[in-house]
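# A look at the structure
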Amino acid sequence: MKKSVKSVIAKSLAVVMAFSVAAIAPAASSDAAAKKPTLAKKLTVNKGKSKTLKVKGKAKVKKTTWSLNKKSKKIVSISKKKKKSVKIKGKKVGKATLTAKIKVGKKTYKKKCTITVKKVSAKATPTPTPPSGNKATPTPPGGNNGPTQRPKVDVVDGKKVIESNTYPITINEQNETTLTCISKRPEDADEVAGYTDYGKDGVTFTSLVDYNSGVSFYINPCTSDDQLVDLPKGEGYLGFQDAIKDMSDYDYIRMEVTSENELNFRTYNEYDALESEGFPGTCTTEVYEAKWSGPVPAADYLVEDGGIGKMVKDEYVTRTVFVPIEDLYSGKGSEAGSGCDFSTISAIAISPQRAGMEVTVHSIDFVKVERPNKVSGITVTCEKDTVANNKTATLVATVNPENASRKIVKWTSSDPSLATVSFQGTVLANNQDKTGECTFTATATDGSGVAGSIKLKIGDESGEPQIITTQKVDFTDANVTAAEGAVKSADGIKFAAGTNQTFVNFSKYMDAKNIDLSKYDSLKVDWEVQDANGKALEDYSDYPDASVPTNGKIAFAAASSLNGYSNGVDTNYTGDDDTTKDQMFLNVYTGDTNILTISNLNPTEVPLIAGFNLQLTDAIPANCHIVVKAVTFVKDEA
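Residues numbered from 1 in each chain as written. Predicted model: local features only at pLDDT ≥ 70, side-chain atom pairs only at ≥ 80, totals over all residues. Heavy atoms only, no water.

### As for the overall build of the protein
Heads up, the rule is: Per the convention used, a helix needs a DSSP run of H or I reaching at least four residues, while a strand needs a run of E reaching at least two, with both numbered from the N terminus. Here the term buried applies to any residue with accessible area under 20% of the maximum for its type, exposed to any over 50%, and partly exposed to those in between, with areas from a 1.4 Å probe on protein chains only. Contacts are assigned to residue pairs with any non-hydrogen atoms lying within 4.5 Å of each other. Working definition of accessibility: Shrake-Rupley area with a 1.4 Å probe, residue cover restricted to the visible protein chains.
Check the secondary structure of the protein and you find five helices and 43 strands. Put simply, the protein has 638 residues, and 47% of those count as buried. Considering only residue pairs separated by 6 or more positions, the protein has 71% of its internal contacts joining residues 24 or more positions apart. Carbon together with sulfur atoms contributes 51% to the accessible area of the protein, which is approximately 30800 Å² in total.

### A look at a positive patch on the surface
Basically, it comes down to this: Like-charged residues within 9 Å of one another, or nonpolar side chains (Val, Leu, Ile, Met, Phe, Trp, Tyr) within 5 Å, are grouped into patches, provided each residue has over 30% relative accessible area and no salt bridge. Salt bridge, as used here: a side-chain nitrogen of Lys or Arg that lies within 4 Å of a carboxyl oxygen of Asp or Glu. Within this scheme the basic residues Lys and Arg register as positive and the acidic residues Asp and Glu register as negative, but His and the chain ends are omitted. Where a charge lies is defined by one atom per residue type: Lys uses NZ, Arg uses CZ, Asp uses CG and Glu uses CD.
On the surface, Lys 60, Lys 62, Lys 63, Lys 83, Lys 84, Lys 103 and Lys 106 cluster together to form a positively charged patch. Tracing the chain through its elements places Lys 103 in strand β6 (residues 94–104).

### Let's talk about the pattern of salt bridges
On inspection of all chains with the given rule, the structure shows 13 salt bridges. Linking Asp 251 and Arg 371 is a salt bridge whose minimum nitrogen-to-oxygen distance equals 2.9 Å. Here the residue Asp 251 occupies a position in the loop between β15 (238–240) and β16 (252–259), and Arg 371 occupies one in the loop between β24 (358–367) and β25 (377–382), the gap between them amounting to 120 residues. Here the two residues Asp 251 and Arg 371 agree in accessibility, since each one is buried. Note that Arg 254 and Asp 365 form a salt bridge whose closest N and O atoms lie 2.8 Å from each other. Here the residue Arg 254 occupies a position in strand β16, and Asp 365 occupies one in strand β24, the gap between them amounting to 111 residues. Here the residues in one salt-bridge network are Asp 249, Asp 251, Lys 368, Arg 371 and Arg 406, joined through shared partners.

### Some details on the state of the cysteines
Where two cysteines share a covalent bond between their sulfur atoms, that bond is called a disulfide. What counts is decided by this rule: Any pair of cysteine sulfurs within 2.5 Å is marked as a disulfide.
Under the counting rule described, the total for this entry stands at zero disulfides. Free cysteine Cys 222: the closest other cysteine sulfur is in Cys 181, separated by 9.6 Å.

### Considerations on the sheet that holds strand β1 (residues 42–46)
Test applied: Pairing between strands is defined by DSSP: at least two bridges between the two strands are required. The convention used is that axes are lines fitted to C-alpha atoms, helices contributing only their stretch in contact, and that angles between N-to-C directions extend from 0 to 180 degrees.
Read across the open sheet, the four strands follow the order β1-β7-β6-β3; overall the sheet is mixed. The outermost strands of the open sheet, each flanked by one partner alone, are β1 and β3 (61–68). Here the strands of the sheet are splayed against their neighbours by 30° on average, with no regard to which way each runs. Inspection of the sheet shows β3 paired to β6 by seven bridges, in the antiparallel sense. Directly across from Leu 68, in β6, lies its bridge partner Leu 98.

### Some thoughts on unusual backbone geometry
Asn 400 connects to Pro 401 through a cis peptide bond whose omega is 0°. Here Pro 401 shows up in the loop between β27 (392–400) and β28 (409–413). Positive phi, close to 70°, is recorded for Tyr 211, a residue that is not glycine. If you trace the backbone, Tyr 211 turns up in the loop between β12 (202–207) and β13 (215–218). Given a relative accessible area of 29%, Tyr 211 falls into the partly exposed group. A positive phi is found at Asn 514, a non-glycine position, where the angle reads about 55°. Mapped onto the elements, Asn 514 comes out in the loop between α5 (507–513) and β38 (522–530).

### Concerning the environment of Ile 364
Looking at the element boundaries, Ile 364 is found in strand β24. A sequence separation of 196 residues divides Ile 364 from Pro 168, and the C-alpha atoms of the two residues are 6.0 Å apart.

### Re the sheet that holds strand β26 (residues 386–387)
One open sheet accounts for four strands, arranged β26-β32-β31-β28; its pairing is mixed. Only two strands of the sheet have a single neighbouring strand rather than two, namely β26 and β28. Relative to strand β31 (residues 436–444), β28 runs antiparallel, the two sharing five bridges. Bridge pairing in β31 places Thr 412 opposite Thr 441.

### A look at the nonpolar core
Here is the rule: Nonpolar cores were defined as sets of buried Ala, Val, Leu, Ile, Met, Phe, Trp, Tyr and Cys residues, with membership established by side-chain atoms within 4.5 Å.
Residues Phe 366, Leu 395 and Phe 440 are the most contacted members of the largest nonpolar core, which totals 59 residues. Excluding residues within four positions of it along the chain, Leu 395 makes contact with Val 380, Thr 381, Cys 382, Trp 411, Val 421, Gln 424, Gly 425, Val 427, Phe 440, Ile 454 and Leu 456. Counting residues in hydrophobic clusters, the runner-up holds 35 residues, among them Tyr 520, Val 529, Leu 614 and Ile 626.

### Topic: the environment of Ser 183
Within the secondary structure, Ser 183 is located in the loop between β10 (167–168) and β11 (193–199). The spatial distance from the C-alpha of Ser 183 to the C-alpha of Tyr 237 is 8.9 Å, given a sequence separation of 54 residues. Among all residues touching Ser 183, those that are not within four sequence positions of it are Lys 73, Lys 91, Glu 173 and Leu 238.

### Comments concerning the pairing of β6
Note that β6 and strand β7 (residues 107–118) share eleven bridges and pair antiparallel. Residue pairing across strands places Thr 99 opposite Lys 112, the latter belonging to β7. Linking β6 to β7, which pair antiparallel, is a turn of two residues; within it Gly 105 sits at a positive phi near 65°.

### Regarding the side chain of Asn 269
Quick note on the threshold: Side-chain atoms alone can form a polar contact between residues adjacent in sequence; in general such a contact is a pair of N or O atoms within 3.5 Å, and within protein one must be able to donate a hydrogen while the other accepts it.
Position of Asn 269 among the secondary structure elements: in strand β17 (residues 263–269). Using a relative accessible area of 12% as the deciding quantity, one classes Asn 269 as buried. Among the polar contacts listed, one links the side chain of Asn 269 to the backbone oxygen of Asp 341, at a separation of 2.5 Å. Polar side-chain contacts of Asn 269 include one of 3.4 Å to the backbone oxygen of Thr 344. Excluding anything up to four places from it in sequence, Asn 269 contacts Thr 284, Gly 339, Cys 340, Asp 341, Thr 344, Ile 345 and Ser 346.

### Description of the side chain of Asn 613
Examined against the element boundaries, Asn 613 turns out to sit in strand β42 (residues 611–616). Separated by 2.7 Å, the side chain of Asn 613 and the backbone nitrogen of Gly 564 make a polar contact. Setting aside anything within four residues of it in sequence, one finds Asn 613 in contact with Thr 502, Phe 503, Lys 553, Ile 554, Ala 555, Ala 557, Ser 561, Leu 562, Asn 563, Gly 564, Tyr 565 and Ser 566.

### A look at the packing of aromatic side chains
The criterion, for reference: Only Phe, Tyr and Trp rings take part, Trp by its six-membered ring, and two of them pair if their centres are within 6.5 Å. Stacked means planes under 30 degrees apart, edge-to-face means over 60, and tilted covers everything else. A positively charged side chain is recorded as over a ring if its NZ (Lys) or CZ (Arg) lies within 6 Å of the ring centre. The angle to the ring normal must also be within 35 degrees.
Taken as a whole, this structure holds eight aromatic pairs when the rule is applied. Seen in terms of ring centroids, Tyr 252 and Phe 322 are 5.9 Å apart; in terms of plane orientation they differ by 85°. Their pairing is edge-to-face. Here Phe 322 lies in strand β22 (residues 318–324) and Tyr 252 lies in strand β16, a separation of 70 residues in the sequence. With a centroid separation of 5.5 Å and an interplanar angle of 80°, the aromatic rings of Tyr 329 and Phe 423 are classed as edge-to-face. Of the two residues, Tyr 329 is situated in helix α4 (residues 325–330) and Phe 423 in the loop between β29 (419–421) and β30 (426–429); the sequence distance between them amounts to 94 residues. Like Phe 423, Tyr 329 is buried. Pairwise contacts between aromatic rings join Phe 506, Tyr 520, Phe 556, Phe 612 and Phe 633 into one cluster. Here the basic side chain of Lys 368 rests over the ring of Tyr 250, its NZ or CZ set 5.3 Å away from the ring centre.

The following block contains the structure:
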């Protein structure tokens, strides 16, 4: 009897448990499914408009990697990339595929969304853009992207801006340059800004790193996909080769910006600069904010915060900045030190000095101001009357009157096949087989039309160049100069203690000795770091608190770039198709010899070499110093 009852009870419990499990299983399965991330498979967005795509589900997402293939980047752009959302903007009618790699725990889910970009039915108001030619146009009220309530600041240095003759820079994603725009870079390229968001009041972005994170725009605007081309920099990079424009007639760059931190403004010449490494390439000039204007004195804009740059008071974060063209032209306040040729300007960039800063660029335009004192005369002089083949000379333009409102001149050569002249007046005799006379003219850029000129003999050698198998530079010669604080002697050039960036200039020495660098095989520089007793440092074991420079850099450069840190000539030139742009070479920081092989240089750059920049990778102890022990021109034995 007891066994029978137990059997019945056991069977009953089994049935109940079976039903319970059956009832619970669907709920558990449903809960597990809810924790898997999901993404809409389709999305439609109008051209020129934006939508946000979100990851759905209860899954705790650690990270999402959003990406577009090369074809899709022409259809849409993505920004504000977060763990569970991304902003999508329609650029061109068509279909695009967005891929999301969603990491949940240790597992990664790969989801795709097909985005359809449709044409807007209502006719959109076009964004004003500058003309393709050089003719200036009035700046649209409030900038390029729609009206604002802020009146333009139109007085700088007491001079009135001529509003009817300004040149606006187009601020939109299409006109972003090669490396800053996400849609113009390969999927695996580093971002230069946390996100960029274009609206009616300009572009807003967040910096990722100090100094080198922001946006840049072409001067001559890129207005259609058809103008973009693949760059030799790498597959997927798209750029605008017609970006170059002559802006030499303008006086200031005017920018209206909102920023919590000081900004860096950079300008670029030609097109090659935008293909090189960096943000967005090798800049011509770099200046900090200059000549601020607004409702309060400039001194009231900033407060020190003890870190990089200066923080701006909240009530004054939006202001107008004027960057003087004359300062950029001369290199004054410039990191690059070489100045900007505004007859071949290609782009301008804006970046904060600190990471994590949100910046809005409302408008950028080039402006002219009233010029009361016009140029009345220009006198051109030169230290030589003859420039030998592969040699250089410096022209000086003296502008009258002394108080002329604008003293920038534009240089031209009467026969560029015989000799060229740079925008700063450096003459280069560049034809080995041709001699003659050449006229160099400096023309005022203030609208007066005044010009001055000089005639020089080109290619008339004053004796054969001096060629000695091994010729050391005599450091005691007055024609050898170096950075401020350096002490010269027959044993070497000793630089100021604690200095880790310096330079040597031997251009006048070569001229005086009639040395033609192209006739030599190499140029050697012996240098080392010494302590206060003149002992060469093998290591920094006696300086435990000091940084340790593991490498030093030497860059042979033109006279205008001798400042201790600028890049020099290409030291790995391979011919007309060369795209390497190898501008520096490294060596162990002490007790070594740098050897510049002349045959590895672009022949057109050899005559420009005036000396070299020397820079250690880190600071050195305060009582240590750099010594250049020897500079030697070497001709190999036949």
